[in-house]
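# Architecture at a glance
Take a look at the letters that make up each chain.
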Amino acid sequence: MTDTLTLDALDGSGSFNVYVARPDERPRAAIIVIQEIFGVNRGIRRKCDTLAANGYLAIAPDLFWRLEPGIELDPDVPSEMQAGLDWMGKFDQDKGIADIEATIRGARAQLGDDGKVGAVGYCLGGRLAYMTAARTDVDATVGYYAVGIDGLLGEKHGIAHPLMLHIAGKDGFVDNATQAKMHDGLDDHLKVTLHDYPGEDHGFATEIGARRSDTAAKLADERTIAFFAEHLG
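First things first, this report covers the structure right here in the doc.

Cut-off values and rules
Residues numbered from 1 in each chain as written. Predicted model: local features only at pLDDT ≥ 70, side-chain atom pairs only at ≥ 80, totals over all residues. Heavy atoms only, no water. Helix = DSSP H or I, 4+ residues; strand = E, 2+ residues; numbered from the N terminus. Rg over C-alpha atoms; globule rule 2.2 N^0.38 Å. Buried < 20%, exposed > 50% of the residue type's maximum accessible area, 1.4 Å probe, protein only. Salt bridge = Lys/Arg side-chain N within 4 Å of Asp/Glu carboxyl O. Phe/Tyr/Trp six-rings, centres within 6.5 Å; stacked < 30°, edge-to-face > 60°. Lys NZ or Arg CZ within 6 Å of the ring centre and 35° of its normal. Axes fitted to C-alpha atoms, helices over the stretch in contact; angles between N-to-C directions. Parallel < 35°, antiparallel > 145°, perpendicular 65-115°, else oblique. Left-handed = near helix turned anticlockwise from the far one by under 90°. Contact = heavy atoms within 4.5 Å. Nonpolar A, V, L, I, M, F, W, Y, C, P; charged D, E, K, R; others polar. Core = buried A, V, L, I, M, F, W, Y, C linked by side-chain atoms within 4.5 Å.

## Concerning the overall build of the protein chain
Of the regular secondary structure elements, the protein chain holds six helices and eight strands. For the protein chain, the α and β elements follow one another from N to C terminus as β-β-β-α-β-α-α-β-α-β-β-α-β-α. Whereas a compact globule of 233 residues would reach a radius of gyration of roughly 17 Å, the protein chain reaches 16 Å, a difference of no more than 12%. For the protein chain, the proportion of its 233 residues judged to be buried stands at 55%.

Right, here's the structure in full:
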């Protein structure tokens, strides 16, 4: 079952919508699905639906609501890809993390006090997933082809719960030098696991469109589901 709920921002500046996909039975846990630069589009909603089919309460907050509520873009359309890049340039990531924190609290309120909450993000969402792991009490986090992690390594000591990062080996937005810095900075972190996908480009695990690389996507998603089963239930 799916629906849309409204949550209040922690700073009292307004409210934002979240897409919610619910399992048929009592949720094993909740997972926050963090959008790419394309908004809570059909692909992100499908990610939620798949997690719900695996027994999780899946919630995708509209993180661009402060810019324009309800943005949905198709990365296979060049003008919409550029629009996504433009929105990313205007997006306040610190406020985005605050909205993710509000979503975590909202998920815990639905689960009850003993419910665990994880997060998974893609592209910009992968970066925000790392920041969520470092700045919140989320129970487990996964990031796909996260951008700019080399500039966030100073926050790694804040990561207290398990984090998994999927790295595209030929990522057009994350070059080999940056990937090397990620490994140098995180390989010895007891809570962090990195997986490399040689030859894969940014967006390889998208649900819909030309960027998807099916074999790598399935492998990464299998690892993600096993990771959440271990750490969330």
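Text resumes after the structure shown.
## Some words on the pattern of salt bridges
Within this structure, the stated rule accounts for 14 salt bridges. The salt bridge partner of Asp-221 is Lys-47, with a shortest N-O separation of 3.9 Å. Of this pair, Asp-221 sits in helix α6 (residues 214-231) while Lys-47 sits in helix α1 (residues 42-53), and the two are 174 residues apart along the sequence. Here Asp-139 makes a salt bridge to Arg-108, at a shortest N to O gap of 3.2 Å.

## As for the packing of aromatic side chains
Overall, the coordinates contain eight aromatic pairs when judged by the stated rule. Relative to Phe-204, the ring of Tyr-145 has its centre 5.3 Å away and its plane inclined at 65°; by these criteria the two rings are edge-to-face. Here the residue Tyr-145 occupies a position in the loop between β6 (140-144) and β7 (163-168), and Phe-204 occupies one in the loop between β8 (192-197) and α6, the gap between them amounting to 59 residues. In this structure Tyr-145 comes out as buried when scored by relative accessible area, which is 2%. Joined through ring pairs, the aromatic side chains of Tyr-122, Tyr-144, Tyr-145, Tyr-197 and Phe-204 make up one cluster. A cation over a ring is seen here: Lys-47 above Tyr-144, with NZ or CZ 5.8 Å from the ring centre. Just above the ring of Trp-87 sits the side chain of Lys-90; from NZ or CZ to the centre is 5.1 Å.

## Topic: the packing of helix α3 (residues 93-111) against helix α4 (residues 124-135)
A pair of packed helices can be characterised by two numbers: the angle between their axes and the separation between those axes. At a minimum axis distance of 10 Å, the contact between α3 and α4 shows a crossing angle of 65°. Judged by the inter-axis angle, α3 sits roughly perpendicular to α4. Of the two possible hands of crossing, α3 and α4 adopt the one that is right-handed. Of the residues in α4, those touching α3 at Gln-93, Asp-94, Ile-97, Ile-100 and Ile-104 are Leu-124, Arg-127, Leu-128, Met-131, Thr-132 and Arg-135. Residues of the contact of α3 with α4, tallied by class, amount to six nonpolar, two polar and three charged.

## As for the nonpolar core
Soluble, globular proteins show a tendency: their nonpolar side chains are buried together. Ranked by internal contacts, the top residues of the largest apolar core, which has 80 residues, are Val-33, Val-120, Leu-128, Tyr-130 and Phe-228. When residues of this core are assigned to their parent elements, the largest contribution, seven residues, is made by α4. Discounting chain neighbours no more than four positions away, the residues touching Val-120 are Ile-31, Ile-32, Val-33, Ile-34, Leu-51, Val-142, Tyr-144 and Phe-228.

## What about the environment of Glu-230?
Along the chain, Glu-230 turns up in helix α6. A residue is classified by how much of its surface remains accessible, and Glu-230, at 62% relative accessible area, is exposed. Along the sequence, Glu-230 and Ala-140 sit 90 residues apart, while their C-alpha atoms lie 9.6 Å from each other.

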